[in-house]
Amino acid sequence: MRRRLVSALAAAAVTCATVGTAVTGQAAAAVATTTAAAAETNEWKNVRIDGGGFVPGIVFNQTEKNLIYARTDIGGAYRWDEPTKTWIPLLDWVGWDKWGYNGVVSLATDPVETNRVYVAAGMYTNDWDPNKGAILRSADKGKTWQATELPFKLGGNMPGRGMGERLVVDPNNNNVVYLGAPDGNGLWRSTDKGVTWAKVASFPNPGNYAQDPDDPNGYLNHRPGVVWVTFDPTSATAGKTTQKIYVGVADKENTVYSSSDGGATWSRVPGQPTGYIAHKGVLDHKSGTLYIATSDTGGPYDGGKGDVWKLNTATGAWTQISPVPSSSADDYFGYSGLTIDRQNPNTIMVATQISWWPDAVFFRSTDGGATWTRIWDWSSYPNRTKRYTMDISSAPWLTFGTNPQPPEETPKLGWMNESLEIDPFNSNRMMYGTGATIYGTEDLKKWDTGGTFTIKPMVQGLEETAVLDLISPPTGAPLLSALGDLGGFRHTDLTKVPSSIFTTPAFTSGTSIDYAETNPSVIVRAGNFTDADRPNDSHVAFSTDGGANWFQGTEPGGINEGGTVAAAADGSRFVWAPKGVAVHHSAGFGNSWTASTGIPTGAVVESDRVNARKFYGFSAGKFYASTDGGATFTATAATGLPAEGNVKFKAVPGHEGHIWLAGGDPDRGASGIWRSTDGGASFTKLSGITRGVNIGFGKAAPGKSYHALYAVATIGGVTGVFRSDDTGATWVRVNDDQHQYGNMGEALTGDPRVYGRVYLGTNGRGIVYADTGGDTPPPPDDTVPPSKPGKPAASAITSTGAALTWTASTDNEGVEGYDVYREAGATDVKAGSSATASFTLTGLSADTSYTYYVVARDAAGNTSAASDPVTFTTASGPGGGEGGCSATYKVTGSWPGGFQSEVTVKNTGTAGISGWNVAWSFPDGQKITQLWSGTHTQTGADVTVKNAAWNGALKAGASTSFGFTGTLTGANGVPATVTCTAS
């Protein structure tokens, strides 16, 4: 899968590793805004997804059993841990200054000193990555590293990255290490175990292939160059330099070269096939046979033709052994993923480099390529017979939420299958990389005996998602994500793999997700897909059950990318800023959208977390505010905000008008963290912070009333993840130098339920989290809920508000707070939260009956039984004069088991009215689950709706509307009579 590009993310200004210097060390001291402070030591863990990205290389050590490495295109490198069957990340120490080192274009494991491992690091060869490539070397299997910077760039996330391996250790003289370089830089060699490097001047061909030589974006014109190196270990003895070496080049007419004098001279191997690129070159040194797998492109996304060949290195004879030759109309793919069973060298396997439809195909030969069998065959079209079964129970989301028609199936065997490896010590174990995971089997030999072998994900511990947004609501699932390539997940348990990606609709990438602060069961998300491919799908989706289920809204025209989206504090409306399309707003769940005014296209939008009518926006150094639900925005007078660079801002729960903003580019203007307490009218920049990346909020520290702040920033010269418990006055670093995660921080949030817990989004290492702040997180075995609160008593009742008080709950660990709910039919509405046994209600409608109850919660998230309810009626308000009203009911959307409707209320009188009541009876037993822009009660089929505080007053001839979603079990008939009574 193509990963999100990071040209908008600049590297932080911290010390870089130089040639031959160590790049690991002790954790740097944490700092406050003015003075250094002790750093916390925290354990960082992944929120489990398991995989999620392209694994272009799996490398088995040929002399040490169970020593296996995997490389990724943007997520670093991993080592296999056999006892736990998990992968251990090796490059988490890479920081913002060298973030491109997480792009691993090749990896070599030393067959002589097996503790040694090498990485060819660098993500992009164009200006997206500001740094040159490097060779990272470790003498302890990746626990610590040293780096040598190269005089050119490497492209771990560039075209052709699945070919290889281009970094290889001489199996006889491990002082010698070779590197095939891209973009005309040729072949390079080290003779001191990777410390210093020099170009092999005698190597004649740096490779001329590029997918699109004229690409103006500097991506597809990349030349993969020299792409693999293979030694013949029988051509020397231990301690001597291997004499016979084979090299693959991305050149369709000259793709294989060799040396017989230890790399002193080189020549094109005569008689070789032309017209294709050798993605892989694997030598069976026992028989002296070199196998190559070729494709007509460099991949990994494309490739329509190819062949498999073998070379008798003793006689120089080439033999085509393609399972499906390129001359056949049945060959619609190139080949890659070439491997030999070292226990039975006549057994070889090869994969389709790319076969999108109907699935990948693996081929296996037990006679050196003379005959082949397929992993699946056609029976009677569209049915297939298979030699395998797939068990994805450990990562069930690999179905991608699809329900394809035969011959396609879900899950697929995979795509981008550039790495297919049989364990050199165990003929039954095979692993292969895909665009989404690592699959494998431990009973492969059943293929040859007529049995059925099982393929499972072998990816636990390897997390490779690019995280674009995160939310942690105060109730429900603790975390929801928006991810590149996968759309996103609802994470109900951080230690378990989610069952499915978000669907209805599924996005190719999720770009933004938000929840309604005082009604957190309401969630909205936006994302990307090509609109022309799915004209009936929307780039925005809604949930009213905390993200468990989703339904689509409508959308304005011309949208291909989701941009940012924000939910009103009470979930009654939404503001959406799709990329490249004007900002729009909607009352209700996107049944219609209206362009907002006063805010530019491309702005970032967020909501106030208290006032449901307030939304905010930011673009090019200007801050915008809306007080009418996103209909109109006005630029505030705030100055000094960053006009360049990536900028994030968020409003603080429980504090109307409190906004924190982070971002900018110090090389092109302002950067840092700013704070506003007046709805963005003015901002104050925090001192001592030279770069800001992102800001988030979590539960307040014990004894504190304001949320804990979390920031990815450069504070006191140190770039890291920081927490402040005193409103930004001082900061403590909560990560360390071994947990820097490259250019992390595009997504960041604290947990509102657990003090000290922070969730951090990375660009290729998934979602990581830590429980910071000492011993404050609640013990995991606390399952005792608080006692039932007393029945609330209502007092100080006016036409618009009332005060509630109740007898406090008790709890074995202490009551954390109370949530106040209003009974509202099938789905009750959260009115707010309180840390004490009292709560003030505001915004009520006059002469209206209300029913409220209270639920207590403790620090572990346990909730009490609901209190007995209290019912009261607000005082009468001012009259509306002579007037009347009408109501029109319209169904605006439906889906299995549910629907959405809108009711328009119009003042039909000659004078203004101050309020209205609408009533009807459902004909088919429908039930309202969520209503906005009004308050409702439902008894059986009978429904009454009272205006909200802000839309009751209507001038003569004026109109307003309210909307709702509901459930149904059969028909969805429109009520026969809808009445409206003015007041």
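One structure accompanies this document, and this report is about it. (Residues numbered from 1 in each chain as written. Predicted model: local features only at pLDDT ≥ 70, side-chain atom pairs only at ≥ 80, totals over all residues. Heavy atoms only, no water.)

1. Considering the pattern of salt bridges
Inference 1: On inspection of all chains with the given rule, the structure shows 37 salt bridges.
Inference 2: With a closest N to O distance of 3.1 Å, Lys 386 and Glu 409 form a salt bridge. Note that Lys 386 is positioned in strand E30 (residues 384-386) and Glu 409 in the loop between strand E31 (388-390) and strand E32 (420-422), a separation of 23 residues in sequence.
Inference 3: We classify Lys 386 as partly exposed; its relative accessible area is 37%.
Inference 4: Glu 902 is the salt-bridge partner of Lys 890, the closest N and O atoms lying 3.9 Å from each other. (Salt bridge = Lys/Arg side-chain N within 4 Å of Asp/Glu carboxyl O. Helix = DSSP H or I, 4+ residues; strand = E, 2+ residues; numbered from the N terminus. Buried < 20%, exposed > 50% of the residue type's maximum accessible area, 1.4 Å probe, protein only.)

2. A closer look at the layout of surface pockets
Inference 1: By volume, the second largest pocket is sized at about 970 Å³.
Inference 2: If you go around the second largest pocket, you meet 38 residues; those closest to its centre are Phe 60, Gln 62, Val 168, Thr 230 and Arg 342.
Inference 3: Only strand E5 (57-60), strand E9 (104-109), strand E13 (167-169), strand E17 (226-231), strand E21 (277-284), strand E25 (335-340) and E32 provide two or more residues apiece to the lining of the second largest pocket.
Inference 4: A per-element tally of the lining of the second largest pocket places E21 first, with five residues.
Inference 5: Residues belonging to the lining of the second largest pocket are distributed by class as follows: 21 nonpolar, 11 polar and six charged. (1 Å grid on protein atoms, 1.4 Å probe; cavity = no way out; pocket = protein on both sides within 12 Å on 5 of 7 lines; lining within 4 Å. Points joined across faces, edges and corners; volume = space filled by probe spheres on them. Nonpolar A, V, L, I, M, F, W, Y, C, P; charged D, E, K, R; others polar.)

3. Describing a nonpolar patch on the surface
Inference 1: Side chains of Trp 356, Trp 357, Trp 378 and Tyr 381 sit close together on the surface and give an oily, nonpolar patch of about 490 Å² of accessible area.
Inference 2: Tracing the backbone shows Trp 357 in the loop between strand E26 (348-352) and strand E27 (362-365).
Inference 3: Using a relative accessible area of 41% as the deciding quantity, one classes Trp 357 as partly exposed. (Patch = residues over 30% accessible without salt bridge, like charges linked within 9 Å, V, L, I, M, F, W, Y side chains within 5 Å. Areas by Shrake-Rupley, 256 points an atom, 1.4 Å probe, with all protein chains shown as cover.)

4. Thoughts on the sheet that holds strand E19 (residues 256-259)
Inference 1: Spatial strand order, E17-E18-E19-E20: four strands in an open sheet with antiparallel pairing. The sheet is open, and its two edges are formed by E17 and strand E20 (267-268), each paired on a single side. (Pairing = 2+ DSSP bridges.)

5. A closer look at the nonpolar core
It is characteristic of soluble globular proteins that their nonpolar side chains tend to be buried jointly.
Inference 1: Core analysis: the largest hydrophobic core is formed by 57 residues, its most contacted members being Ile 375 and Trp 397.
Inference 2: It is E26 that contributes the most residues to this core, four residues altogether.
Inference 3: With sequence-adjacent residues up to four places away left out, Trp 397 is seen in contact with Ile 49, Asp 50, Gly 52, Ala 436, Leu 486, Phe 489, Val 497, Pro 498, Ser 499, Ser 500 and Ile 501.
Inference 4: Core analysis: the next-biggest nonpolar cluster, separate from the first, contains 21 residues, Val 918, Trp 920, Val 943 and Val 978 among them. (Core = buried A, V, L, I, M, F, W, Y, C linked by side-chain atoms within 4.5 Å. Contact = heavy atoms within 4.5 Å.)

6. Description of the side chain of Ser 322
Inference 1: When you line up the elements, Ser 322 lands in the loop between strand E24 (317-320) and E25.
Inference 2: For Ser 322, a relative accessible area of 13% gives the class buried.
Inference 3: Here Val 308 takes part through its backbone nitrogen, which lies 2.9 Å from a polar atom of the side chain of Ser 322.
Inference 4: Beyond its immediate chain neighbours, meaning those up to four positions away, Ser 322 contacts Asp 307, Val 308, Tyr 335 and Trp 372. (Polar contact = N/O pair within 3.5 Å; in protein donor to acceptor, adjacent residues only side chain to side chain.)

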